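# Analysis of the macromolecular model
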2 protein chains.
Amino acid sequence: MEPNLLTHKQQLMLDAVRKLIRRGDTTGLERLLGKRRPVEVAGLFPHLNDWEARNLVNTLVARDHASAARVLLEVDPPVAPNLLAWVERDDLVKMVQSLPSGDATALLRYLPEETATEVVQLLETTVSEEVEELLSYDPDTAGGLMSTDVFVLKEDVTIGEAIADLQRNSDSMAMAFYLYVVNDADQLVGVLSLRSLLTHPPETRLKDIMITEVLRVKTYTDQEEVAQMVAKYDLVAIPVVDDFNKLVGIVTVDDVLDVIREEATEDILKMAGTDEDDMVSRSMFTAVRARIPWIGVTLLAGLVASEIVRAYLSTLESLVLLAGFMPVIVGLSGNAGNQSAALVARGISLDQMEARALTRYILRELRVGLALGVLCGLALAGFVRLRYPDTLVLGLAAGGSATISMVAAMLFGALSPLVLRRLHLDPNMATGPLVSTIVDVLGICVYFALSSALLEWFAE
Amino acid sequence: MEPNLLTHKQQLMLDAVRKLIRRGDTTGLERLLGKRRPVEVAGLFPHLNDWEARNLVNTLVARDHASAARVLLEVDPPVAPNLLAWVERDDLVKMVQSLPSGDATALLRYLPEETATEVVQLLETTVSEEVEELLSYDPDTAGGLMSTDVFVLKEDVTIGEAIADLQRNSDSMAMAFYLYVVNDADQLVGVLSLRSLLTHPPETRLKDIMITEVLRVKTYTDQEEVAQMVAKYDLVAIPVVDDFNKLVGIVTVDDVLDVIREEATEDILKMAGTDEDDMVSRSMFTAVRARIPWIGVTLLAGLVASEIVRAYLSTLESLVLLAGFMPVIVGLSGNAGNQSAALVARGISLDQMEARALTRYILRELRVGLALGVLCGLALAGFVRLRYPDTLVLGLAAGGSATISMVAAMLFGALSPLVLRRLHLDPNMATGPLVSTIVDVLGICVYFALSSALLEWFAE
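Residues numbered from 1 in each chain as written. Chains lettered and ligands numbered in written order. Predicted model: local features only at pLDDT ≥ 70, side-chain atom pairs only at ≥ 80, totals over all residues. Heavy atoms only, no water.

Of regular secondary structure, chain A possesses 23 helices and six strands. Structurally, chain A occupies a C-alpha span of about 95 × 60 × 40 Å along its principal axes. When each of the 460 residues of chain A is scored for burial, the buried share is 56%. Considering only contacts in chain A between residues 6 or more positions apart, those separated by 24 or more positions represent 66%. (Helix = DSSP H or I, 4+ residues; strand = E, 2+ residues; numbered from the N terminus. Buried < 20%, exposed > 50% of the residue type's maximum accessible area, 1.4 Å probe, protein only. Contact = heavy atoms within 4.5 Å.)

Here it is as structure tokens:
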């Protein structure tokens, strides 16, 4: 299975779309696209060149603002702003107007700040007030993620009335799986499944059958915490309340899926010392800017390492062969440190790293480090002894410092995500070039200090 | 926000549970746990020592097999087998019997193969047949993930009959958000939302209002592909069919969430050269076994590097200072290669790396590599020139090989996930020690080859 290749059906559609764009056949294009789901149309963009993409955007907008908006909302987040840049301001206003406020806000967040402000000013007052409030939430919180299209009923309503209400508003809610129940002050007091409407007599009041223990999040709850709650309790949606427990929206599981994928991507790219912009941007400048910080740190660490070697130049001159084993010491400790750091950082992300067990965990890494360190040290010393039978110091220095620096690297690797978290930084940074470079320098220090001590000792 | 610390409420509950266990007060324990959700009870286990955990398992099983089974299903997958090992075989049979077949299969998968076979033999025939069929699916496919408790109706049924049916089976389906419609041969022909039952007259036949374009997966569809479909189309559940289009189960979004988190963890740990067993196991042996393969590869690569240095020993002897810049060359090319590899591997995982754009992408990495390589090469050469004004060769060799090896590393890093995928291996392996070690050896080759050539050239 090669996930990134188009299926045959998708390939046929793509070919047809490109042909119609080349021919300028907008009628044919409109007919072809009219039948497709927004997400399928959105999936075409990565395969089009700029000219084709621009043509497709124009055709979509000219046909129908609402469905053009739906398509652009399904485009991968980092690509959407480029496509929206081709849309005229008046069309943007109509597109935003056509969407429910949650989606409207999502679309506005793709625009540059000035353009977004201009568009909001041109909206009808009723829409702009809601949108402005939603825009005020941090996009990485429940408030920034939520949809405001919730099916809400008062607690005194009967099931019969609820069903009638649902029939009237039949198509406005995208994901109505739960009914939320509020009191007269609009405070969240209960929840009902749609199914319970069918399984109780119509005259029953909602407050008599609703579940009153409702899991909820605040508008300012971090999106990662929202995702963890939805995943932990197997929810399809979670209600969002303000500080007065007033229901203001819901976060649905499809948004949570996106959050989890996004956070994983962030973690992975951070581990490698770059970021998401780098993954999607076509610009060389963005790529260089994303990668240069850690490359710079590596360069600096390398220069520090060169100073250490310089300090031990006389040691090195008396046994030039020492240089040959610098890479293996550095490589082993870097790898060992990274393994420990990745384990602890991921454990923290998954909420599996309990505070009480930390001491036990650190002790375990220490023992694993000793085991691996002694194994590698012996193997290395053995190899050196066989390959260079004339010198005893070389084998002892290489083997001994492999052991010492691996143990140190694993302790350092396991501790640094914890220290980063304590400093309110991202624990995943530890797995990146940060730990590798520090551990590299450490390994070289250990190696030369040990070598020079051994050389002196054997010279006596 | 420190996600791994217990909330105050959780801490109070944990303290109470531990106290009751210590006192042997099973009645108190049963009363306390009776009110909690299974996932909350399951969350206690990581915070208990073995003796406490064993006591808690015994109390749960003695109280009620069905709810004990529910709790153990919510325990983190790698921990559950340890807990189940304390349960007697007769109790296991009763626990499996108490669950719907999908969950029963999940529980059986936690048991060692022999125990599972024994338990299945002791089940009632009706249950064991279903369970045996489910056990036959690969756990990483839709078949292994699906639940068989689906609300299925024939296409000729009316809405009124459907509602009556739903009322009769009111509590058997955990996540009934969609109704699936089949024909007389049990083939999937349509889908309905629960809501549409409320918004159409009772005499309407399902086939007249059902949506006939139903997204579906096969029993053998890989779980990653299932997750991608659910995420792409914002589904709450996806039906699973066999090769004859017969509906056999559904995969719900809560399972998909788990898959996505699990795959991200796998990717991240693979990048660091270890695996999930290592993260959860307390055994040192498991940890060493998980990490030793890549540590071994690193050791071997280091020995190869030492052979390269040995081959250039005369070069090194004539300019010992060369040794000081080996770590920086190795560090820079390792980092640069890893950044490229992580970007491409993650792009493939997220299905964003389109086949058509590959050439463009490789060219971009080449340009970014040149830019970063030249920048670092100049900085390094400048530093060396200032620090060691007597030698021109050192600066040229260090700067030149930084540039060359970084460009080579980035090309290699970008290409290797693609090559791995072509070989049907996991593209994420590229980001691990594999690329780092190869790139390290490459960097050292370039460095010494260039240094020796420069030394000869300047000596002439």
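Once the structure has been displayed, the description carries forward.
Assigned domains of chain A: these are domain 1 (8–142), domain 2 (152–264) and domain 3 (276–459). Using C-alpha coordinates to define each centre, domain 2 of chain A is positioned 50 Å away from domain 3 of chain A. (Domains from an automatic or database assignment.)

Moving on: the sheet that holds strand β1 (residues 152–154) of chain A. All names here are of chain A. Read across the open sheet, the three strands follow the order β1-β2-β3; overall the sheet is mixed. Each edge of the sheet is formed by a strand with only one pairing partner; in this case those strands are β1 and β3 (188–193). Recorded for the sheet is a direction-independent mean angle of 35 degrees between the axes of neighbouring strands. Pairing of strand β2 (residues 178–182) with β3 involves five bridges; the strand directions are antiparallel. Within β3, the residue paired with L179 across the bridge is L192. (Pairing = 2+ DSSP bridges. Axes fitted to C-alpha atoms, helices over the stretch in contact; angles between N-to-C directions.)

All chains considered together, the criterion is met by six cavities of 30 Å³ or more. Empty space within the largest cavity amounts to approximately 550 Å³. Along the walls of the largest cavity sit 35 residues, with A:N335, A:N338, A:S436, B:N338 and B:S436 positioned nearest its centre. Broken down by secondary-structure element, the contributors of at least two residues to the lining of the largest cavity are α20 (326–349) and α23 (433–459) of chain A together with α18 (284–311), α20 (326–349) and α23 (433–459) of chain B. Broken down by element, the lining of the largest cavity gets its largest block of residues, seven residues, from α20(A). Of the residues contributing to the lining of the largest cavity, the split by class is 14 nonpolar, 19 polar and two charged. (1 Å grid on protein atoms, 1.4 Å probe; cavity = no way out; pocket = protein on both sides within 12 Å on 5 of 7 lines; lining within 4 Å. Points joined across faces, edges and corners; volume = space filled by probe spheres on them. Nonpolar A, V, L, I, M, F, W, Y, C, P; charged D, E, K, R; others polar.)

A:F325, A:L380, A:Y447, B:F325 and B:Y447 are the most contacted members of the largest nonpolar core, which totals 81 residues. Non-local contacts of A:L380, meaning those with residues more than four positions away in its chain, are made with A:F325, A:V328, A:I329, A:A398, A:G399, A:A402, B:L299 and B:L303. (Core = buried A, V, L, I, M, F, W, Y, C linked by side-chain atoms within 4.5 Å.)

Among the five residues of strand β2 (residues 178–182) of chain B, five are classified as buried, and the element is accordingly described as predominantly covered. If you look at the hairpin formed by β2(B) and strand β3 (residues 188–193) of chain B, you'll find five residues sitting between the two strands, and B:D186 has a positive phi there, around 65 degrees.

Before going further, it helps to examine the packing of aromatic side chains. Residue and element names in this part refer to chain A. If you walk through the whole model with that rule in mind, you get ten aromatic pairs over all chains. Seen from their ring centres, Y178 and Y180 are 6.3 Å apart, and the 75 degrees between their planes marks the pair as edge-to-face. Both residues of the pair, Y178 and Y180, count as buried. Through a chain of ring-to-ring contacts, three or more aromatic side chains come together here, namely Y312, Y447 and F448. (Phe/Tyr/Trp six-rings, centres within 6.5 Å; stacked < 30°, edge-to-face > 60°.)

Moving on: the environment of A:E113. Structurally, A:E113 is set in helix α9 (residues 113–122). The spatial distance from the C-alpha of A:E113 to the C-alpha of A:R367 is 53 Å, given a sequence separation of 254 residues.

What follows deals with the pattern of salt bridges. According to the stated counting rule, one finds 25 salt bridges over all chains in the structure shown. With a shortest N-O distance of 3.2 Å, B:E52 and B:R18 are connected by a salt bridge. Here the residue B:E52 occupies a position in helix α4 (residues 50–63), and B:R18 occupies one in helix α1 (residues 8–23), the gap between them amounting to 34 residues. Grouping residues by exposure puts B:E52 and B:R18 together as buried. A salt bridge links B:D243 to B:K218; the nearest nitrogen and oxygen atoms lie 3.7 Å apart. Of this pair, B:D243 sits in the loop between β5 (237–241) and β6 (247–252) while B:K218 sits in strand β4 (residues 217–218); the two residues are 25 residues apart in sequence, bridging distant segments of the chain. Look at B:D243 and you get exposed, because its relative accessible area is 52%. According to the relative accessible area criterion, B:K218 is partly exposed, its value standing at 31%. The network of salt bridges with shared partners includes A:R291, B:R364 and B:E365. (Salt bridge = Lys/Arg side-chain N within 4 Å of Asp/Glu carboxyl O.)

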